[in-house]
Every structure is written in structure tokens, then in C-alpha cells.
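# An overview of the molecular structure
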Number of protein chains: 2
Amino acid sequence: MISDPASADWSLDPLLEKDTVPIGDMPLCHVRLINDATYPWLLLVPRRHGIIEIMELDFIEQAQLMSEIMQASRVLKAQTQCDKINIAALGNVVPQLHVHVIARSRGDAAWPRPVWGVAPARSYEKSDMDALLAPLRQRLALTPV
Amino acid sequence: MISDPASADWSLDPLLEKDTVPIGDMPLCHVRLINDATYPWLLLVPRRHGIIEIMELDFIEQAQLMSEIMQASRVLKAQTQCDKINIAALGNVVPQLHVHVIARSRGDAAWPRPVWGVAPARSYEKSDMDALLAPLRQRLALTPV
């Protein structure tokens, strides 16, 4: 396994850990699934200490982040057959840089509005979560965490 | 002026033209200001025909889009001294690919929530809009449109 000195002092904000489950690690980002069965919803968290805005990453990391967002988008689209991918870096509540990649479908609880603050989170049944996580882990070619 | 064959058959969706004003053109994106004085809010619209998702752009265009989002973020942050930049590509209502780059401040009408659907748009006074547009145009080094 290749060590990654740049991520050595990185740790996940407890607020991002809450109500999410780990999927695995891409080269830059730690990837999690939000435990809300209303929308298949990934979080990409660059493993870099103290970064709040994408513009604080260096140029190579910004390009890598775009590449990983695209990979997550393609996999989520292929897996869910959704109608639209929503991508957002907001961070007004949790400053640690994290990117939302959300599979949206016509007729979902918030459609066509953004998902935030619309419907209360609805936890996955264990079997449903397992059925989603297994192919996501395989298709994203992640390092297990 | 360098011609740009790839953008020859591009046109702006009328729904993105509505309630926005043109700022100028970056190498890939047409840039507009949303006419809502509640938040300094830019729209970046890649001048590519028929593109709905970022992943439909080619790899070079994706990198250029990231670069232009970063440039818009830096200029908006410098100009407004905001607390947080919000970046989003949603497109559930208007399919034509467009990226929101929004200057958020603690205490603004939606803080810390995302901006969508919170406060009704409040048009700029002409003098306030001119005062915002002039330095944005200068700092973004845009081609006039």
C-alpha cells in the first residue's frame, strides 16, 4: 500500500461521520454514503488537513478532485439510473471541505428543488444499504477503509 | 479575437437569461450575475451545446471548468470578503449545464442553509449593481459580451 504523507494529519469531522457510512478511499477523497434512503447521496472528503474551500487545494489536487467527482458521478448514475446528478460544495455548517454528489430522480421527495432541508432523513434498511454499497465499492475501485 | 468553433452552436437558455445580467466570457464559460442583491451570486455557463452534466464535457473542458470556477471563487471572495463560497451544479429545473458560485456571509438571509428557495430575490439598485459589476469584470479579465 502506498503511503500518503499529505493525508497523515487529516481526520474526518465528527459531524460528517455522523449519519454516514464509509465506502472507501479514492486517491484524494474519503468517500461516504449518507444514510438517507430518500436519495443515493455520496460525500467526497479530500484527505487534506484544514482545507475549507476548494481553492485552498493546490492545482493538482483541484484537478484530482474534479476527476474523482466525475468518477463518483458516473458510478452513481450507472448504479441508480437517476435523472440528474447534483454536485455541491457548500460547507456553511461543517467547514471541513466536502463535496456532495447526489442521484436525483424526477418524483423524489425534493424534486426539482435541492435536497437540503426538504425531507427528514430516512435510514436505509440494512439489506438495501448492502445492496447499494457492494456495487459502489466495486465500481469506484476504492481502497477499503 | 480568437474564434471558438466549439461554442458556435451554443446559445443561452432563456431561463438562465431571465433575472440575470451578463458579466463577460471566460475561455469556456459565459458568466452572469444573478439579479438578487441578497447574495453576490455568479452563474458560469460552459458555452457548449447540449451539455447537461459536467461529466459530459471532455476531460480538458472539465479541467478548464474547475479552473474557471476557482477563478470566479477567488474574485468573488476578494471582492465581497464573504465568509464562505458555495459552489453547485444542480440543474433540476434548467437542464443546460450551469454552475452557481455564491458568496455567503454569516447572517445573510439563508445562512447557514443553502440559498435556494429561502428568500425572494431582491433586485439590485442600479448603482449597487454597477459598483459590483465593474470590479468583477476587471478582476475576471473577461471578454466583453
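You'll find the structure just up there.
Source: prediction; values computed, not measured. (Residues numbered from 1 in each chain as written. Chains lettered and ligands numbered in written order. Predicted model: local features only at pLDDT ≥ 70, side-chain atom pairs only at ≥ 80, totals over all residues. Heavy atoms only, no water.)

### Side note on the overall build of chain A
Of the regular secondary structure elements, chain A holds three helices and five strands. Beginning at the N terminus, the succession of helices and strands in chain A can be written as α-β-β-β-α-β-β-α. By the compact-globule yardstick of 15 Å for 145 residues, chain A fits well, its C-alpha radius of gyration being 15 Å. Principal-axis analysis of the C-alpha atoms places the extent of chain A at approximately 45 × 30 × 25 Å. Counting every position in chain A, which comprises 145 residues, the buried fraction comes to 52%. Pairs at least 24 apart in sequence give 58% of the contacts found in chain A among residues at least 6 apart. Within the structure as shown, chain A displays about 6900 Å² of accessible surface, and the carbon and sulfur contribution to it stands at 56%. In chain A, the 14 positive side-chain charges and the 17 negative ones have mean positions that sit 8 Å from each other. (Helix = DSSP H or I, 4+ residues; strand = E, 2+ residues; numbered from the N terminus. Rg over C-alpha atoms; globule rule 2.2 N^0.38 Å. Buried < 20%, exposed > 50% of the residue type's maximum accessible area, 1.4 Å probe, protein only. Contact = heavy atoms within 4.5 Å. Areas by Shrake-Rupley, 256 points an atom, 1.4 Å probe, with all protein chains shown as cover. Lys, Arg positive; Asp, Glu negative; His and termini not counted. Charge placed at Lys NZ, Arg CZ, Asp CG, Glu CD.)

### Topic: unusual backbone geometry
Residues and elements named next belong to chain A. The omega angle of the peptide bond from Trp111 to Pro112 is 0°, so this bond is cis rather than trans. Secondary-structure assignment places Pro112 in the loop between β5 (99-104) and α3 (126-140). If you check the backbone angles, Asp19 has positive phi at about 60° while not being a glycine. Structurally, Asp19 is set in the loop between α1 (14-17) and β1 (20-25). Since its relative accessible area comes to 52%, Asp19 is described here as exposed.

### Overview of the interface of chain B and chain A
Contact with chain B, which involves 28 residues of that partner, is made by 28 residues of chain A. Around 2600 Å² of area is buried between chain B and chain A when both sides are counted, 66% of it from carbon and sulfur atoms. It is Met55, Met66 and Asn92 of chain B in chain B that bury the most area against chain A; as a group they hold 26% of the surface buried on that side. Between the two partners, chain B and chain A, sit two salt bridges. Mapped by element, the contributors of at least two residues to the side of chain B that touches chain A are α2 (59-80) and β4 (84-89) of chain B. Across the side of chain B that touches chain A, the residue classes tally to 16 nonpolar, five polar and seven charged. (Buried area = accessible area lost by both parts, 1.4 Å probe. Salt bridge = Lys/Arg side-chain N within 4 Å of Asp/Glu carboxyl O. Nonpolar A, V, L, I, M, F, W, Y, C, P; charged D, E, K, R; others polar.)

### So, the relation of the copies chain B and chain A
Expressed as a screw operation, the relation of chain B to chain A combines 0.0 Å of axial shift with a rotation of 180°, fitting to an RMSD of 0.0 Å. The transformation relating the two chain copies, once decomposed into turn and shift, fits a two-fold axis. Taking C-alpha positions as the reference, the residue of chain B nearest the rotation axis is Ala88 of chain B, at 2.0 Å. An overlap of 100% is found between the interface residues of chain B and their copies at the interface of chain A, pointing to a shared contact surface. (Least-squares fit on C-alpha atoms with pLDDT ≥ 70 in both.)

### Let's talk about the pattern of salt bridges
Under the criterion given, the structure shown has 14 salt bridges over all chains. Note that Arg48 of chain A and Glu61 of chain A form a salt bridge whose closest N and O atoms lie 2.6 Å from each other. A residue pair is termed long-range when its members are at least 10 positions apart, and Arg48 of chain A in the loop between β3 (41-46) and α2 (59-80) and Glu61 of chain A in helix α2 qualify at 13 residues. In this pair, the class of Arg48 of chain A matches that of Glu61 of chain A, namely buried. Here Asp108 of chain B and Arg104 of chain B are joined by a salt bridge, their closest N and O atoms 2.8 Å apart. Note on accessibility: Asp108 of chain B and Arg104 of chain B belong to one class, buried.

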